[in-house]
Amino acid sequence: MTITPTITSPRILLPAALLLAAGLQVGGAQSVPVNWNGSSLSSATYVILDPQIQGNPNAVSAQQRQGVLEAMKRDSAGAIKRRYPKAVIATDPATPGAVQVRPVLVTPSVLAPWNKLTAQLEFRMPAGNNVILKQDFGVLTLWQKQSEAANYMYDVLAQRLP
């Protein structure tokens, strides 16, 4: 699991030891946004943006790709709601004060059982800060989950939210 903040002006500077202990990757003058905490996130409004598949676009057929994209959007919203039952999932990207979330799946060049896919949730906080939560998953593990693969991936990621 990796959380990569992508803001350019730090709000809080955490000691490097704390960042390493939390499994965060922070580069340069970047820090975790001040509103990246359980209290703020648990009662936030989220908008799930159109998901993206990056990497090898031909790893799956066009029909399979459409099904995967639909599952990513639906299941990432469900994972956030399960993690934060008081959260609101809105549909309008222009919802004021909403945290925008883009689910991303990075595919390997070949969907071989020993390869890994990377699932990401890219959060854009209302103040403009960005945080990327990501984790690698084995192709074989996800294949075993079948129609529950996206649900599984995003539940694992959501459990790592503060």
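Quick summary incoming for the structure in this document.

### Quick notes on the overall build of the protein
Each helix and strand in the protein was counted, giving five helices and seven strands. Starting at the N terminus, the α and β elements of the protein follow one another as β-α-α-β-β-α-β-β-β-β-α-α. The buried share of the protein, reckoned over its 162 residues, is 38%. Taking the intrachain contacts of the protein between residues at least 6 apart in sequence as the baseline, contacts between residues at least 24 apart amount to 61%. Within the structure as shown, the protein displays about 8,500 Å² of accessible surface, and the carbon and sulfur contribution to it stands at 55%.

### Comments concerning the packing of aromatic side chains
With the rule as written, the count across this model stands at two aromatic pairs. Measuring from ring centre to ring centre gives 5.1 Å for Trp-36 and Phe-123, while their planes differ by 70°; the resulting arrangement is edge-to-face. Pair noted here: Trp-36 is in the loop between helix H1 (16–22) and helix H2 (38–42) and Phe-123 is in strand S6 (residues 116–124), with a separation of 87 residues, a long-range link. Ring geometry for Phe-137 against Tyr-152: centres 5.7 Å apart, planes inclined by 70°, an arrangement best described as edge-to-face. Of the two residues, Phe-137 sits in strand S7 (residues 130–138) while Tyr-152 sits in helix H5 (residues 149–158), which places them 15 residues apart along the sequence. According to the relative accessible area criterion, Tyr-152 is partly exposed, its value standing at 28%. Against the face of Tyr-152 rests Lys-145, its NZ or CZ located 4.5 Å from the ring centre.

### Considerations on the pairing of S6
The pairing of strand S5 (residues 99–107) with S6 spans seven bridges and is classified as antiparallel. Residue pairing across strands places Val-104 opposite Gln-120, the latter belonging to S6. For S6 and S7, the ladder comprises nine bridges, and the chain directions are antiparallel. Opposite Lys-116, over in S7, you have Gly-138 as the bridge partner. Turn length for the S6-S7 hairpin, with the two strands adjacent in sequence and antiparallel, is five residues, and the turn residue Gly-128 shows positive phi of about 100°.

### Some words on H5
The buried count for H5 comes to eight of 10 residues, which makes it a mostly enclosed element. Of all the positions in H5, only Ala-149, Ala-150, Asn-151, Met-153, Tyr-154, Val-156, Leu-157 and Ala-158 are classed as buried. Buried residues in H5 make contact with helix H3 (62–83), S5, S6, S7 and helix H4 (139–145).

### Focus on the layout of surface pockets
Estimated volume of the largest pocket: approximately 560 Å³. With five residues, H3 is the largest single contributor of residues to the lining of the largest pocket. Its residues assigned to classes, the lining of the largest pocket comprises 15 nonpolar, six polar and one charged.

Cut-offs used in this document
Residues numbered from 1 in each chain as written. Predicted model: local features only at pLDDT ≥ 70, side-chain atom pairs only at ≥ 80, totals over all residues. Heavy atoms only, no water. Helix = DSSP H or I, 4+ residues; strand = E, 2+ residues; numbered from the N terminus. Buried < 20%, exposed > 50% of the residue type's maximum accessible area, 1.4 Å probe, protein only. Contact = heavy atoms within 4.5 Å. Areas by Shrake-Rupley, 256 points an atom, 1.4 Å probe, with all protein chains shown as cover. Phe/Tyr/Trp six-rings, centres within 6.5 Å; stacked < 30°, edge-to-face > 60°. Lys NZ or Arg CZ within 6 Å of the ring centre and 35° of its normal. Pairing = 2+ DSSP bridges. 1 Å grid on protein atoms, 1.4 Å probe; cavity = no way out; pocket = protein on both sides within 12 Å on 5 of 7 lines; lining within 4 Å. Points joined across faces, edges and corners; volume = space filled by probe spheres on them. Nonpolar A, V, L, I, M, F, W, Y, C, P; charged D, E, K, R; others polar.

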